[in-house]
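Summary of structural features
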Amino acid sequence: MIREADKSDLKQILELYLFLHETGIPQESEHLQSTWNNIINDANHHLIVCEMEGKIIASLVCVIIPNLTRNVRPYAFVENVVTHKDYRNKGYATACLNYARQIAEENNCYKIMLLTGSKKEATLNFYKNAGYNSSDKTAFIQWIDI
């Protein structure tokens, strides 16, 4: 089942992020809870999950960003696409991406942007097969205080 995360999903999402790039689960803290509450309560922040038998196995974040160009149409940004290693190559992340696209369309977005840190051909082909291209834009990242 593809759905938006709810308040009770935090622990499972943090565990899933261990398959993304995290090396540990953050300590329970006021900052963690405040950040989680901001995410869950932000109408433009969509944390999408794929759940099977009560277990979150794939997820992504889709943020709708208000915009003054393109006839004042917003755009969507997708980040943190991850699938549990035992469930990969079964279409779950693609289903999450399709759900994000539906949210973007419902919000009258004119585009969806996605960044990946992966250079793996299989990962890049996955995004291309999902309808994304790497030829229209050039991305630059400036890391802050890492």
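Residues numbered from 1 in each chain as written. Predicted model: local features only at pLDDT ≥ 70, side-chain atom pairs only at ≥ 80, totals over all residues. Heavy atoms only, no water.

**Details of the pairing of strand β3 (residues 55–65)**
Among the 11 residues of β3, eight are classified as buried, and the element is accordingly described as predominantly covered. Between strand β2 (residues 45–52) and β3, which pair antiparallel one after the other, the connecting turn spans two residues, and Glu53 there sits at a positive phi close to 50 degrees. As defined by bridge partners, β3 adjoins strand β4 (residues 75–83) across seven bridges and the pair is classed as antiparallel. Paired with Ala58 across the bridge in β4 is Thr83. (Buried < 20%, exposed > 50% of the residue type's maximum accessible area, 1.4 Å probe, protein only. Helix = DSSP H or I, 4+ residues; strand = E, 2+ residues; numbered from the N terminus. Pairing = 2+ DSSP bridges.)

**As for the environment of Asn98**
By secondary structure assignment, the location of Asn98 is in helix α3 (residues 92–106). Note on Asn98: relative accessible area 45%, which makes it partly exposed. Note: C-alpha distance between Asn98 and Ala130 (32 residues apart in sequence) is 8.1 Å.

**Side note on unusual backbone geometry**
The phi angle at Glu53 is positive, at roughly 50 degrees, despite the residue not being glycine. In this structure, Glu53 sits in the loop between β2 and β3. You can call Glu53 exposed: its relative accessible area is 85%.

**Considerations on the environment of Leu47**
Here Leu47 lies in strand β2. For Leu47, a relative accessible area of 5% translates into the label buried. When the C-alpha atoms of Leu47 and Ile13 are compared, they prove to be 9.5 Å apart, with 34 residues separating the residues in sequence. In contact with Leu47, other than residues within four places in its own chain, are Arg3, Glu4, Ala5, Ile13, Tyr17, Trp36, Ile39, Ser59, Leu60 and Val61. (Contact = heavy atoms within 4.5 Å.)

**Quick look at α3**
Taking 1.5 Å per residue as the helical rise, α3 with its 15 residues ought to reach 21 Å, and the 21 Å between its terminal C-alpha atoms agrees with that figure. The complete set of buried residues in α3 reads Tyr92, Ala93, Cys96, Leu97, Ala100, Ile103 and Ala104. Considered in projection along α3, the buried side chains sweep an arc of 145 degrees and stay on one side of the axis. Contact partners of the buried residues in α3: β1 (2–4), β2, β3, β4, β5 (112–114) and α4 (121–129). (Expected span 1.5 Å × (residues − 1). Arc of directions from axis to C-beta.)

**As for the packing of aromatic side chains**
Counted under the stated rule, the structure contains three aromatic pairs. When the ring of Tyr87 is compared with that of Tyr92, the centres are 6.4 Å apart and the planes differ by 65 degrees; the resulting orientation is edge-to-face. Relative accessible area serves as the criterion here: at 23%, Tyr87 is assigned to the partly exposed category. (Phe/Tyr/Trp six-rings, centres within 6.5 Å; stacked < 30°, edge-to-face > 60°.)

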